[in-house]
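Structural overview for review
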Amino acid sequence: MLTVVSDLKQDASQLLVLDASGLDRVAAVHLPRRVTAGIHGSWIPDTGSGDTNS
């Protein structure tokens, strides 16, 4: 399972990879910027993704 956690004091975020069977941390990726809370609702249409196979 993937989730993003943010530290507002540090102005930083991490992408966490969790084992869904027990929510144990498998890996953490330190992101160069804080990811805003609205990221889960930020979608772009296929035509805006740069994918030429559509």
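See above for the structure.
Residues numbered from 1 in each chain as written. Predicted model: local features only at pLDDT ≥ 70, side-chain atom pairs only at ≥ 80, totals over all residues. Heavy atoms only, no water.

Moving on, we get to the pairing of strand β3 (residues 24–31). As paired strands, strand β2 (residues 12–19) and β3 are joined by 7 bridges and run antiparallel to one another. Looking across to β3, one finds that Leu18 is bridged to Arg25. The hairpin turn running from β2 into β3, its antiparallel successor, is 4 residues long, and Leu23 in that turn takes a positive phi close to 60 degrees. (Pairing = 2+ DSSP bridges. Helix = DSSP H or I, 4+ residues; strand = E, 2+ residues; numbered from the N terminus.)

Next up on the list: the environment of Asp7. Inspection of the secondary structure puts Asp7 in strand β1 (residues 2–7). Reaching out from Asp7, the side chain makes a polar contact with the backbone nitrogen of Gln10 at a distance of 3.1 Å. (Polar contact = N/O pair within 3.5 Å; in protein donor to acceptor, adjacent residues only side chain to side chain.)

A few words on the pairing of β1. Across 6 bridges, β1 lies against β2 in antiparallel orientation. Across the sheet, residue Val4 finds its bridge partner in β2, namely Leu15. If you look at the hairpin formed by β1 and β2, you'll find 4 residues sitting between the two strands, and Asp11 has a positive phi there, around 50 degrees.

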